[in-house]
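Coordinate analysis (summary)
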Amino acid sequence: MEREEGEDDIVCLESFFINDNYELTKFTFGSEVLELYCLQSASTDFDLTGQLVWPGAELMNMYLSKNSDMLRGCSVIELGSGVGITGIFCSRFCSKVVLTDHNDEVLKILARNIELHDSTQNSICASAEKLEWGNHEQLKYILQRHPEGFDLVIGADIYILICTLPLLFIYVLKRSNIPLLFDTVEKLLSINSEKKRRFILAYVSRTKVMDNMVISEATRHGLKISEVAGTRGTIRNLQGLVYEITL
């Protein structure tokens, strides 16, 4: 049978672009030391940004390390967990942490890092689930397993969409996942509305358009967004801050 030109090339492209050269890396936040597997440089596939530890995750963990009392005994769901540096940090204080990501390849390294800490910390209260923002079936599945909901929703640098071709940046930005993010956040905060739930977002500014979009989408979904005092600062030469978002 004749092979169509380029057929084999197309089949192998996906595995060619996946970089899984993870290194065990140490991070320190206050008195807490974490070791986990992650990439040291950007993946060639913009959809696999979760393989890296981004500045927003470091900002979030520094904030949480100074305010760990807010985590004690809480249940937490993390959106866009990536390699899990924030969710795993939370698991040292929380009663339950569900770490989520939409990408199957990222979920593999996330599960590996949870297993690593489960074996070194005498069992942790963390688990991983697949969740693509706006996917009602996936969210329904998680909530069926956790019908009481979560005290805290957290996310760090989770709005990033990377494109190395400048001419495509505007196109990628238009396809931003921010509206879907807030669709999901609104649903999570609405569970048992008698109980006050919060979304803690560690935000790193990269474009003014994105800055405005985060605030406008939160407002459009009927959410109150406020900057947490004392969190604004510079991390890896970028300006960052922490938002608290409530119904």
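Residues numbered from 1 in each chain as written. Predicted model: local features only at pLDDT ≥ 70, side-chain atom pairs only at ≥ 80, totals over all residues. Heavy atoms only, no water.

**Quick word on the pattern of salt bridges**
The condition that has to hold: Every case where a carboxyl oxygen of Asp or Glu lies within 4 Å of a side-chain nitrogen of Lys or Arg is listed as a salt bridge. Here's how the labels work: a residue is buried when its accessible area is under 20% of the maximum for its type, exposed when over 50%, partly exposed in between, all with a 1.4 Å probe on protein chains only. Put simply, DSSP marks the helices as runs of H or I at least four residues long and the strands as runs of E at least two long, and each gets a number from the N terminus on.
Here the structure, examined in full by the defined rule, presents 12 salt bridges. Across the salt bridge formed by Asp-69 and Arg-72, the nearest N and O atoms sit 3.2 Å from each other. What makes Asp-69 exposed here is its relative accessible area of 61%. Across the salt bridge formed by Glu-105 and Lys-108, the nearest N and O atoms sit 3.5 Å from each other. You can see Glu-105 and its partner Lys-108 sitting in helix α4 (residues 104-120), three residues apart, about one turn around the helix. Here Lys-108 falls in the exposed class, since its relative accessible area comes to 55%.

**Thoughts on the confidence of the model for the protein**
Which entries qualify depends on this criterion: Think of pLDDT as the predictor's per-residue confidence, scored from 0 to 100. Contacts between residues were defined by any pair of non-hydrogen atoms, one from each residue, lying within 4.5 Å.
This prediction gives the protein a mean pLDDT of 87; 83% of its residues lie at or above 70. Scored below 50 in pLDDT, residues 1-16 makes one contact in the model with residues more than four places away or belonging to other chains. Residue range residues 162-175 is modelled with pLDDT below 50. Its contacts to residues more than four positions away, or to other chains, number 11 contacts.

**Quick look at the packing of aromatic side chains**
Applicable threshold: Put simply, two rings from Phe, Tyr or Trp (the six-membered ring, in Trp's case) pair if the centres are within 6.5 Å, and we call them stacked under 30 degrees between planes, edge-to-face over 60, tilted for the rest. A positively charged side chain is recorded as over a ring if its NZ (Lys) or CZ (Arg) lies within 6 Å of the ring centre. The angle to the ring normal must also be within 35 degrees.
Throughout the structure, instances matching the rule amount to five aromatic pairs. Pairing Phe-29 with Phe-89 gives two aromatic rings, centres 6.2 Å apart and planes at 85°, and the pair type is edge-to-face. Taken together, the residues Phe-29 in strand β1 (residues 23-29) and Phe-89 in helix α3 (residues 85-90) connect sequence positions 60 residues apart. Phe-29 sits in the buried class, given a relative accessible area of 5%. These aromatic residues form a ring-pair network of at least three members: Phe-27, Phe-29, Phe-89 and Phe-93. For the cation-ring pair, Arg-112 lies above Tyr-37, with the distance from its terminal atom to the ring centre recorded as 3.8 Å.

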